[in-house]
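Each chain, letter by letter, is given below.
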Amino acid sequence: MSIEINKVTVLGMGVLGSQIAFQTAFSGFEVTAYDISDEAVRAGRERFDKLAAIYAKDVAGAGDGKAERTAAAITLSSDLAQAVRDADLVIEAVPEVLAIKQETYTKLGEYAPERTIFATNSSTLLPSAMKDATGRPDRFLALHFANQVWQYNTAEIMGTPETDPKVYQAVVDFASAIGMVPIEIHKEKAGYVLNSLLVPLLNAGMALSAGGYAEPEAVDKTWRIATGAPVGPFQMLDVIGLTTPYNILANSDENGQRLAKWLKDNYIDKGKLGIASGEGFYKYS
Ligand code: NAD
């Protein structure tokens, strides 16, 4: 018998959690969004209102008040036990800190019904590092979204050796049902598919410019013209924002730290943080 998913609870109403909750509700599922305090829930509510405006403008079928109705239909909660008590699927998007995730799963394991599937949206932690805290490793896996889920709609699905194949399939089907393109990953891999490809490309681009071989514009131009890709690595970095790559590089090996210093001295310290600050490698109006 296949597993039915109707009621979905999202933990964390930050950047990604709010998008996942909104997209899921927009696709017709019954959604509860949980965050840690009433204040965080209020901030989440504001995120939903902003998402409603974006969907109304940019997403097909979101007009005629559907986007606003979607925001209003999401149940908000700062009570974890109540938020998950009847969930078929819980998607976790709490901060990327292993101890916080493990603590969250320990509580979840107690509060959620036995049938409930747990999925982590973690970008860098492997599900194996969290599976024991769930108390139900057979019903646990990673479901990884990309920022701006309504537009960049991949959902990378990655289990552990203990994930039940029926649970895995149910989450693949769920991803399709909320308008994502499911990407099935057969074994655990840090960085999934997307970041396994993207991070080396971005680092190679930065190494070329930091090493004085070619300007960012020349690197991007080469990548665009010779591969047909619409944007090059520095254009991507401006979209991502320079702070996250900086933090990752600053905590990596010697080569990474050299790139981090280059980013800091030439861009971050000058307020050039990417599109969000109006300037990064390029200027934006
Ligand atoms: P964020 O900081 O924007 O949001 C985190 C939210 O979790 C906040 O609303 C915070 O109040 C809440 N929170 C804090 N402690 C909590 C707890 N104990 N229980 C429940 N909620 C708690 O972070 P984000 O960027 O949305 O990232 C969340 C997860 O999504 C991370 O695992 C991250 O790796 C992953 N992710 C992020 C991106 C991205 O581009 N930002 C992309 C893919 C995946």
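Our structure's up above, just so we're on the same page.
The structure presented is a predicted model; accordingly, all values stated were derived computationally and were not measured.

Visitor: So what exactly am I meant to see when it comes to the pattern of salt bridges here?
Guide: Side chains that carry opposite charge are capable of pairing whenever their charged atoms lie near each other. Summed over the entire model, instances satisfying the criterion amount to 13 salt bridges. Residues Lys101 and Glu92 are paired through a salt bridge, measuring 2.6 Å at the closest nitrogen-oxygen approach. The exposure class of Lys101 is buried, given its relative accessible area of 1%. Notably, a salt bridge pairs Glu96 with Lys101, separated by 3.5 Å at the nearest N-O pair. One salt-bridge network, in which partners are shared between bridges, spans Lys7, Asp86, Asp88 and Arg115.

Visitor: Please clarify how the environment of Ala62 should be interpreted in this entry.
Guide: Residue position: Ala62 is located in the loop between helix H2 (38-58) and helix H3 (66-73). On the basis of relative accessible area, Ala62 is assigned to the buried category, the value being 1%. When the C-alpha atoms of Ala62 and Phe26 are compared, they prove to be 8.3 Å apart, with 36 residues separating the residues in sequence.

Visitor: What's the story with the nonpolar core in this structure? I'm lost.
Guide: Proteins that are soluble and globular tend to have nonpolar side chains buried together. Ranked by size, the top nonpolar core spans 44 residues in total, and within it Phe48, Tyr55, Ile91, Leu143, Phe145 and Phe174 carry the most contacts. It is helix H7 (residues 165-177) that contributes the most residues to this core, seven residues altogether. Excluding anything up to four places from it in sequence, Phe174 contacts Ile5, Val8, Thr24, Phe29, Leu89, Ile91 and Leu143.

Visitor: Would you mind showing me how to read helix H12 (residues 254-266) here?
Guide: Three or four residues apart is the spacing at which side chains of an α-helix point the same way, because the helix has 3.6 residues per turn. Between its terminal C-alpha atoms H12 stretches 18 Å, which fits the 18 Å expected from 13 residues at 1.5 Å a residue. Taken as a whole, H12 has its buried residues at Gly256, Leu259, Ala260, Trp262 and Leu263. Taken end-on, H12 shows its buried residues confined to a sector of 160°, consistent with a single buried face. Turned more than 90 degrees away from the buried face of H12 sit Glu254, Arg258 and Lys261, all of them exposed. Packed against the buried residues of H12 are helix H8 (194-210), helix H10 (233-240) and helix H11 (243-250).

Visitor: Just checking my understanding: could you explain the layout of surface pockets for this structure?
Guide: Using a probe with the size of a water molecule, rolled over the atoms, empty space left in the structure can be pinpointed. Space inside the largest pocket adds up to approximately 1600 Å³. Of all the elements in the fold, those that place two or more residues in the lining of the largest pocket are helix H1 (15-26), strand E6 (140-145), H8, H10 and H11. Examining the composition of the lining of the largest pocket, we find that eight residues originate from one element, H8, more than from any other.

Visitor: When you look at the packing of aromatic side chains in this model, what are you seeing that I'm missing?
Guide: A ring pair, where both rings are aromatic, is described by two values, the distance of the centres and the angle of the planes. For the structure shown, the criterion picks out 12 aromatic pairs. A ring pair is formed by Tyr55 and Trp150, whose centres lie 5.6 Å apart and whose planes are at 55°; its orientation type is tilted. Here Tyr55 is found in helix H2, whereas its partner Trp150 is found in the loop between E6 and strand E7 (154-159), with 95 residues between them in sequence. In this structure, Tyr55 and Trp150 share a single accessibility class: buried. Where Tyr105 meets Phe140, the ring centres are 5.1 Å apart and the plane angle is 70°; that geometry is what we call edge-to-face. Of this pair, Tyr105 sits in helix H5 (residues 98-111) while Phe140 sits in strand E6, and the two are 35 residues apart along the sequence. When sorted by exposure, Tyr105 lands in the same class as Phe140, which is buried.

Visitor: Is there a simple way to think about the site of the ligand in this case?
Guide: Not every one of the 21 residues close to the ligand is listed here, only the nearest: Val15, Leu16, Asp35, Glu96 and Lys101. The contact in question runs from an oxygen atom of the ligand to an N or O atom on the backbone of Val15, over 2.9 Å. Taking Asn121, its side chain carries an N or O atom lying 2.9 Å from an oxygen atom of the ligand. Taking 830 Å² as the accessible area of the ligand by itself, protein coverage stands at 74%. Taken together, the residues that form the shell around the ligand break down as 11 nonpolar, seven polar and three charged.

Definitions and limits used
Residues numbered from 1 in each chain as written. Predicted model: local features only at pLDDT ≥ 70, side-chain atom pairs only at ≥ 80, totals over all residues. Heavy atoms only, no water. Salt bridge = Lys/Arg side-chain N within 4 Å of Asp/Glu carboxyl O. Buried < 20%, exposed > 50% of the residue type's maximum accessible area, 1.4 Å probe, protein only. Helix = DSSP H or I, 4+ residues; strand = E, 2+ residues; numbered from the N terminus. Core = buried A, V, L, I, M, F, W, Y, C linked by side-chain atoms within 4.5 Å. Contact = heavy atoms within 4.5 Å. Expected span 1.5 Å × (residues − 1). Arc of directions from axis to C-beta. 1 Å grid on protein atoms, 1.4 Å probe; cavity = no way out; pocket = protein on both sides within 12 Å on 5 of 7 lines; lining within 4 Å. Points joined across faces, edges and corners; volume = space filled by probe spheres on them. Phe/Tyr/Trp six-rings, centres within 6.5 Å; stacked < 30°, edge-to-face > 60°. Near = heavy atom within 4 Å. Polar contact = N/O pair within 3.5 Å; in protein donor to acceptor, adjacent residues only side chain to side chain. Areas by Shrake-Rupley, 256 points an atom, 1.4 Å probe, with all protein chains shown as cover. Nonpolar A, V, L, I, M, F, W, Y, C, P; charged D, E, K, R; others polar.

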